[in-house]
Amino acid sequence: MRYSTHLVSLRTIGLAFAIVLSPVIMQTGDLDCTGDTTLKTLEFKPFQMPGGGLPQDMLAFDPHERLYEVKLPDSVTQAMLIAEPTDPTAEVLVQCYVGTEWVAGHEMDPELDWFVINLPEGDSTVRVYVRPSGGAEGWYNINVLRI
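Here is a short report on the structure shown in this document. These numbers come from a predicted model, not from an experiment.

Quick word on the sheet that holds strand β6 (residues 114-118)
In sheet architecture, strand pairing relies on hydrogen bonds along the backbone and comes in two forms, parallel and antiparallel.
Here's step 1: In spatial order, the strands read β1-β3-β6; together these three strands make up an open sheet with antiparallel pairing. A strand with exactly one partner marks an edge of an open sheet, and here the two such strands are β1 (39-46) and β6. Taken pair by pair, the neighbouring strands of this sheet meet at an average axis angle of 20 degrees, ignoring direction.
Here's step 2: As judged from the seven bridges shared by β1 and strand β3 (residues 78-85), these two strands associate in the antiparallel manner. By the bridge assignment for β3, P46 is matched with A79.

Printed below as a string of structure tokens:
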């Protein structure tokens, strides 16, 4: 009987150490994974649209809406992307995917809030990542469907 009492005590002590040390071991205790992951501005302006003229924004942007869809002819191979984070210290990156396969990535120049991206053939996704300094990450998807 005495043996099982000590065994229970050892298990209790081990459990207490596990609970107390978990944040230290996992390094989650003092990490601040916060920050504003929204964009203030997001515009998608394809070049070479039928009819010519200056590129026009194809998104009805809402900072809280994270998914957009645009339909483009196969002849459109480039677009201007304008993305301005709500948090001025946030980093903005763009990656293009065909299915789940990464095709190309672009890091936004901190001096500009726009850049030109090459669009792959066929349907694709343009993902705009917003990474504030607090460690959080958010993104916006623009699904490009070819017509």
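Considerations on a negative patch on the surface
Here's step 1: Among the surface-exposed residues, E69, D74, E121 and D123 lie close enough to one another that they form a single negatively charged patch.
Here's step 2: Position of E69 relative to the elements: it lies in strand β2 (residues 67-72).

Concerning the environment of M80
Here's step 1: By secondary structure assignment, the location of M80 is in strand β3.
Here's step 2: Expressed as a C-alpha distance, the spacing of M80 and D57, which sit 23 residues apart in the sequence, is 9.0 Å.
Here's step 3: Among all residues touching M80, those that are not within four sequence positions of it are E43, F44, K45, F47, W114, F115 and V116.

Regarding the nonpolar core
Here's step 1: Ranked by size, the top nonpolar core spans 24 residues in total, and within it L42, F44, V126, V128 and I142 carry the most contacts.
Here's step 2: Breaking this core down by element, the ones donating at least two residues are β1, β2, β3, β4 (91-98), β6, β7 (124-131) and β8 (138-146).
Here's step 3: When near neighbours in sequence (up to four residues on either side) are disregarded, V128 contacts L39, L42, L81, A83, V92, L93, V94, G138, W139 and Y140.

A few points about the packing of aromatic side chains
Here's step 1: If you walk through the whole model with that rule in mind, you get three aromatic pairs.
Here's step 2: Put simply, the rings of F61, Y68 and Y140 pair up and form one aromatic cluster.
Here's step 3: When the ring centre of Y140 is taken as reference, the NZ or CZ atom of R66 above it lies at 4.4 Å.
Here's step 4: It is R131 that lies over the ring of Y129; its NZ or CZ is 5.1 Å from the centre.

Observations concerning the pattern of salt bridges
Here's step 1: For the structure on display, the rule yields three salt bridges.
Here's step 2: E43 is the salt-bridge partner of K45, the closest N and O atoms lying 3.2 Å from each other.
Here's step 3: E43 sits in the partly exposed class, given a relative accessible area of 22%.
Here's step 4: Here R131 ties to E137 by a salt bridge, and the two come within 2.4 Å at their closest N and O atoms.
Here's step 5: Overall, the relative accessible area of 30% leaves R131 in the partly exposed class.

Comments concerning the side chain of D87
Here's step 1: Within the fold, D87 resides in the loop between β3 and β4.
Here's step 2: Although D87 is buried, it forms no salt bridge, and the closest oppositely charged side chain is K40 at an N-O distance of 9.7 Å.
Here's step 3: With sequence-adjacent residues up to four places away left out, D87 is seen in contact with D36 and P132.

Quick notes on the rules
Residues numbered from 1 in each chain as written. Predicted model: local features only at pLDDT ≥ 70, side-chain atom pairs only at ≥ 80, totals over all residues. Heavy atoms only, no water. Pairing = 2+ DSSP bridges. Helix = DSSP H or I, 4+ residues; strand = E, 2+ residues; numbered from the N terminus. Axes fitted to C-alpha atoms, helices over the stretch in contact; angles between N-to-C directions. Patch = residues over 30% accessible without salt bridge, like charges linked within 9 Å, V, L, I, M, F, W, Y side chains within 5 Å. Areas by Shrake-Rupley, 256 points an atom, 1.4 Å probe, with all protein chains shown as cover. Salt bridge = Lys/Arg side-chain N within 4 Å of Asp/Glu carboxyl O. Lys, Arg positive; Asp, Glu negative; His and termini not counted. Charge placed at Lys NZ, Arg CZ, Asp CG, Glu CD. Contact = heavy atoms within 4.5 Å. Core = buried A, V, L, I, M, F, W, Y, C linked by side-chain atoms within 4.5 Å. Buried < 20%, exposed > 50% of the residue type's maximum accessible area, 1.4 Å probe, protein only. Phe/Tyr/Trp six-rings, centres within 6.5 Å; stacked < 30°, edge-to-face > 60°. Lys NZ or Arg CZ within 6 Å of the ring centre and 35° of its normal.

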